[in-house]
Amino acid sequence: MLVGCSSQSDSTAPDGPSDGSAVRGKITVFAAASLRATFTELGDRFEAEHPGTSVEFSFAGSSDLAAQLMSGAPADVFASADTKNMTETVDEGLVADDPVDFASNTLTIVTAPGNPDGIASFADLANPDVLTVICAPQVPCGAATASVEAATGTQIPAVSEESSVTDVLGKVTSGQADAGLVYVTDAAGAGEAVTAVPFEESSEAVNTYPIATLSGSDNEGTARAFTEFVTGPVGQDVLGRAGFAAP
């Protein structure tokens, strides 16, 4: 469960924007694919708490979202699955406020229900007879995979590299792959559609999730209110129940 978050997200944090701006109207949130379930719930709860607001989401791999923002795509909030892609948007002058870390996540192996291939460790994914799918290296889950490979000296002969963690999960649940590397939260969200196989080396690559209001926002008051909602008690409770850990 999420504990010990920064002072910007403790139980005394306000649910509205700290600058006192009005909370109303529509915002667009660019969020990492692994946040789809939790942020969809948080969007609904935010709208209920702030009548007259509307939260629309664009979910994709963090690198794709950062590239879209740097190409001029309009959005109000960016939530990345890693600090690298957030830093790139900061360096481009696209972020209005300092990003706030609000969660972290680690990898796990997922297989078809019952783990028919008997995969028991990260090293088992080096077997070319096991059809394994991973994220592309520019995507946070792919960068985490590469870090574990480097730390363990294990090279995975992946049959495909996907642009988001949800695409990896989809390849496994559809039977197109024997195994995949996804976040523990994705495995938990998939329920009985997969079997999760934890591996101790996952601690070699922990991804931290930052969120920030974007400088191009046409509705900074509501954007800031949403970021504070995510880092506040409600957001931390929803994220914690989904399996995210503290940043």
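The sections below set out a description of the structure shown in this document. Bear in mind the structure is a predicted one, so any value in this text is a computation, not a measurement.

A complete count under the given rule lists 11 aromatic pairs for this structure. Residues Phe46 and Phe226 carry aromatic rings whose centres are separated by 5.5 Å and whose planes lie at 85° to one another, so their mutual orientation is edge-to-face. Residue Phe46 is located in helix α1 (residues 36-49), and its partner Phe226 is located in helix α7 (residues 220-231); the two are separated by 180 residues in the primary sequence. For Phe226, a relative accessible area of 0% corresponds to the buried category. Here a set of aromatic residues connected by ring pairs shows up, and it is made of Phe39, Phe46, Phe57, Phe59, Phe102, Tyr183, Tyr209, Phe226, Phe229 and Phe244.

Listed in full, the buried residues belonging to helix α3 (residues 83-91) are Asn85, Met86 and Thr89. Down the axis, α3 shows its buried residues gathered within 100° of arc, on one side only. Here the buried face of α3 lies against α2 (62-70), β3 (77-79), α4 (140-152) and β10 (207-213). Immediately downstream of α3, the backbone of Gly93 shows phi near 75°, a positive value.

For the rest of this paragraph, the subject is α7. The α-helix winds at 3.6 residues per turn, so residues separated by three or four positions along the chain end up facing the same way. Taking 1.5 Å of rise per residue, the 12 residues of α7 would be expected to cover 16 Å, and the 16 Å separating its terminal C-alpha atoms lies within 8% of that figure. Among all positions in α7, only Gly221, Thr222, Ala223, Arg224, Ala225, Phe226, Thr227, Glu228, Phe229, Val230 and Thr231 are buried.

What follows is about the sheet that holds strand β9 (residues 195-197). Overall, mixed pairing links the five strands, which are arranged β7-β6-β8-β5-β9 in an open sheet. Only two strands of the sheet have a single neighbouring strand rather than two, namely β7 (160-162) and β9. The average angle at which neighbouring strand axes cross in this sheet is 35°, direction not considered. When strand β5 (residues 107-111) meets strand β8 (residues 179-183), the two strands line up antiparallel, connected through five bridges. Bridge pairing in β8 places Thr111 opposite Ala179. Sheet contacts for helix α5 (residues 165-173): β5, β6 (132-135), β7 and β8; angle to β8, the most-contacted strand, approximately 145°.

Here the focus is unusual backbone geometry. Even without being glycine, Asn115 reaches a positive phi, approximately 50°. Take Asn115: it is sitting in the loop between β5 and β6.

Before going further, it helps to examine the pairing of strand β1 (residues 25-32). The buried fraction of β1 is high, at six of eight residues. The sheet contact formed by β1 and strand β2 (residues 53-60) spans eight bridges and is parallel. Of the residues in β2, the one forming a bridge with Gly25 is Thr53. In this fold, the crossover linking β1 to β2 by way of α1 has right-handed handedness.

For the rest of this paragraph, the subject is the nonpolar core. If you look at the biggest cluster of nonpolar residues, it comprises 56 residues, and the most contacted ones within it are Leu35, Phe39, Phe102 and Phe226. It is α7 that contributes the most residues to this core, five residues altogether. With residues near it in sequence (within four places) discarded, Phe39 still touches Val29, Ala31, Phe57, Phe59, Ala79, Phe102, Ile211, Phe226 and Val230. Counting residues in hydrophobic clusters, the runner-up holds 11 residues, among them Leu65, Ala66, Phe78 and Met86.

About the thresholds
Residues numbered from 1 in each chain as written. Predicted model: local features only at pLDDT ≥ 70, side-chain atom pairs only at ≥ 80, totals over all residues. Heavy atoms only, no water. Phe/Tyr/Trp six-rings, centres within 6.5 Å; stacked < 30°, edge-to-face > 60°. Helix = DSSP H or I, 4+ residues; strand = E, 2+ residues; numbered from the N terminus. Buried < 20%, exposed > 50% of the residue type's maximum accessible area, 1.4 Å probe, protein only. Arc of directions from axis to C-beta. Contact = heavy atoms within 4.5 Å. Expected span 1.5 Å × (residues − 1). Pairing = 2+ DSSP bridges. Axes fitted to C-alpha atoms, helices over the stretch in contact; angles between N-to-C directions. Right-handed = clockwise from strand over helix to strand, strands pointing away. Core = buried A, V, L, I, M, F, W, Y, C linked by side-chain atoms within 4.5 Å.

Purely spatial values, then, with no claim about function.
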